[in-house]
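# Reading the structure
The lines below spell out each chain.
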Amino acid sequence: MAPIDPSYSEDVSEGDRVLRPNLSDVTPLDPNLYSLSAEAAEFFKATTRIDNDGQLKAHWHILMVQEKAYKVAPYPCIYGFGFLTPKIAQNSAYRDIIKLGRERQGSILLDIGSCLSVDARKAAVDGFPACNIVASDIKKEYSELSHLLFRTSKDSYPGHYVVGDVFDWTGITIIPPVQEILPSRPDLSNLTSLNPLHGHCSVINASAFFHLFDEERQLHMARALAGLLSPEPGSIICGVHVGAPEKEIVTGCISGRHYSVFCHSTDSWAELWDGAVFGKGQVKVEVEIRVREFLDIKDRSMFWSVKRL
């Protein structure tokens, strides 16, 4: 998801102002862009119980959900069907993530900037207990659309969803990384903010998220997430977003719209976590660049993980 029209200044929340494109110039949806990898198709067939490829795509399902999501927020990842890819499963730390869910009692996975919670649903399918998964985004409609996409309800899917602006202190208050294991786990069914999760998250996933913000707010968000991470060794913060060979602002055009996005390099991203956010040597940072094509551009996708030692 690339930010568009950074000059847009409608009176919206601080987090949403960075994400939201100019609604006066929205590119119409193009169903011909629809594409699912074999792995993604298998995942959606298993979760939706729709075995037919044509019916899965049809206007009464994925295309219908896309149309509704695009009306909520016309982001490029929705326009180009990027929201259908379970990005968490492409991270080299994914096996460790699922292992934490299966083996660490009460482990919590937070999917921040979750959109339609595809990453959260993928982790649940692969063995992370859904009742221990919390998805969070600024749009309350995403929770309903996630249920629509996966043909579930609040009664049939035990995962949790928290609506909130990540730059609103009532959503996440920044505290230093927790150093001692906390005695009791919060009740996930009653969350109205992410603050009760301080020091409790075994896994935090942030897919296509950080590049939506400028350098200062990326550091702010990294510190906010660090305070939510469990101090237990092996706890992980991971994600993917656009990177660059050198730390810089990258500009371009996607689907006819210009964008400007601040990008870290692999070195500057590792230095941010190991030294600026956590004390030097407290975490192991792994960063990998993969060049990918999305719509009419090629970008450098930076897959990364931060693991507590």
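Above this text is the structure in question.
Our subject in this report is the structure included herewith. The written sequence of each chain sets the order in which its residues are numbered from 1. In view of the model being predicted, local features appear only for residues whose pLDDT reaches at least 70, and side-chain atom pairs are presented and counted only at 80 or more, with totals across whole chains, interfaces and linings using the full set of residues. Here the side-chain values reflect all heavy atoms present in the structure, with hydrogen atoms and water set aside.

Only protein chains enter the accessibility calculation, which uses a 1.4 Å probe; a residue is then buried when its area is under 20% of its type maximum, exposed when over 50%, and partly exposed in between. For helices the rule is a DSSP run of H or I covering at least 4 residues; for strands it is a run of E covering at least 2, with both sets numbered from the N terminus onward. With seven of its seven residues buried, strand 5 (residues 236-242) lies for the most part within the structure. Here, any two strands with at least 2 DSSP bridges between them count as paired. Both strand 4 (residues 201-207) and strand 5 contribute to a ladder of five bridges, which runs parallel. Within the sheet, the bridge partner assigned to N205 lies in strand 5 and is C238. As paired strands, strand 5 and strand 9 (residues 297-308) are joined by seven bridges and run antiparallel to one another. Residue G239 lies in a different strand from strand 9, and its bridge partner there is W304.

To continue, consider the packing of helix 2 (residues 38-48) against helix 7 (residues 118-125). To get an axis, a line is fitted to the C-alpha atoms, and for a helix only the part in contact is used. The angle between two axes follows their N-to-C directions and goes from 0 to 180 degrees. One way to put it is that helix 2 packs onto helix 7 with a least axis distance of 11 Å and a crossing angle of 75°. Taken as axis vectors, helix 2 and helix 7 run roughly perpendicular relative to one another. Taking contact as the criterion, the partners of F43, F44 and T47 in helix 2 are, on helix 7, V118, R121, K122 and V125. Lys, Arg, Asp and Glu make up the charged group, whereas Ala, Val, Leu, Ile, Met, Phe, Trp, Tyr, Cys and Pro make up the nonpolar group; the residues left over, Gly among them, are polar. A per-class count over the contact of helix 2 with helix 7 returns four nonpolar, one polar and two charged. Orientation categories follow fixed angle ranges, with anything under 35 degrees roughly parallel, anything over 145 roughly antiparallel, 65 to 115 roughly perpendicular, and all other angles oblique. Residues count as neighbours in contact if any of their non-hydrogen atoms are within 4.5 Å of one another.

Attention now goes to the packing of aromatic side chains. When the centres of two rings from Phe, Tyr and Trp lie within 6.5 Å, Trp using its six-membered ring, the rings pair. Their planes under 30 degrees apart give stacked, over 60 give edge-to-face, and anything left gives tilted. Taken as a whole and assessed by the stated rule, the structure comprises 15 aromatic pairs. Considering the side-chain rings of F210 and W269, the 5.0 Å spacing of their centres and the 75° angle between planes classify their relative orientation as edge-to-face. Placement of F210 in the loop between strand 4 and helix 9 (215-228) and of W269 in helix 10 (residues 266-273) is noted, with a sequence separation of 59 residues between them. Its relative accessible area of 0% is what places F210 among the buried residues. Judged by centre distance (5.2 Å) and plane angle (75°), the ring pair of W269 and W304 falls under edge-to-face.

A few words on the environment of A135. If you trace the backbone, A135 turns up in strand 2 (residues 133-137). Given a relative accessible area of 4%, A135 falls into the buried group. Here A135 is in contact with D111, S114, S117, H160, Y161 and V162, once residues within four sequence places are set aside.

Read from one edge of the open sheet, seven strands run 3-2-1-4-5-9-8, paired in mixed fashion. The open sheet terminates on both sides in strands that have one partner only, identified here as strand 3 (160-163) and strand 8 (283-294). Recorded for the sheet is a direction-independent mean angle of 15° between the axes of neighbouring strands. Sheet topology note: the strand 1 (residues 108-112)/strand 2 ladder contains four bridges and is parallel. Paired with D111 across the bridge in strand 2 is A135. Helix-sheet contacts for helix 6 (residues 94-103) involve strand 1, strand 4, strand 5 and strand 9, and the interaxial angle to strand 5 is about 145°.

In this section: the pairing of strand 4. The element strand 4 is extensively covered by neighbouring structure, given that seven of its seven residues are classed as buried. As judged from the four bridges shared by strand 1 and strand 4, these two strands associate in the parallel manner. Residue pairing in the sheet places I108 in a bridge with C201 of strand 4. Note that the unit made of strand 4, helix 9 and strand 5 has a crossover that is right-handed. Crossover handedness is defined here as right-handed if the route from the first strand over the helix to the second strand goes clockwise, with the strands pointing away from the viewer.

Looking now at the nonpolar core. Residues I112, F210 and W273 are the most contacted members of the largest nonpolar core, which totals 36 residues. For this core, the elements supplying multiple residues, two or more each, are strand 1, strand 4, helix 9, helix 10 and strand 9. Sequence-distant contacts of F210, that is, excluding residues within four places in its chain, are made with Q218, M221, A222, L225, H241, W269, W273 and W304. What makes a nonpolar core is a set of buried Ala, Val, Leu, Ile, Met, Phe, Trp, Tyr and Cys residues whose side-chain atoms join them at distances within 4.5 Å.

Time to look at the environment of S184. Counting through the fold element by element, S184 comes out in the loop between strand 3 and strand 4. A C-alpha to C-alpha distance of 28 Å links S184 and K140, two positions 44 residues apart in sequence.

Right, let's get into unusual backbone geometry. Phi angles above zero are rare outside glycine, and S117 is one such case at about 65°. Structurally, the position occupied by S117 is in the loop between strand 1 and helix 7. Exposure remark for S117: the relative accessible area of 6% places this residue in the buried category. Despite not being glycine, A208 has its phi angle at roughly 50°, a positive value.

Taken together, E246, E248, D267 and E271 make up a surface patch of like negative charges. You can call D267 exposed: its relative accessible area is 54%. Surface patches are drawn from residues lacking salt bridges whose relative accessible area is over 30%; two like charges belong together within 9 Å, two nonpolar side chains (Val, Leu, Ile, Met, Phe, Trp, Tyr) within 5 Å. The protein chains shown are the only cover counted for residues, whose accessible areas, like all others here, come from Shrake-Rupley with a 1.4 Å probe. The term salt bridge refers to a side-chain nitrogen of Lys or Arg lying within 4 Å of a carboxyl oxygen of Asp or Glu. All tallies of charge rest on Lys and Arg as positive and Asp and Glu as negative; His and the ends of each chain are not included. For this purpose, a charge sits on NZ of Lys, CZ of Arg, CG of Asp or CD of Glu.

Here we take up the pattern of salt bridges. Inspection of the entire model under this criterion finds eleven salt bridges. Linking K284 and E286 is a salt bridge whose minimum nitrogen-to-oxygen distance equals 3.2 Å. K284 gets classed as partly exposed once you look at its relative accessible area, which sits at 44%. Accessibility expressed as a relative area gives 36% for E286, which makes it partly exposed. Between R292 and D299 there is a salt bridge; the shortest N-O distance is 3.1 Å.

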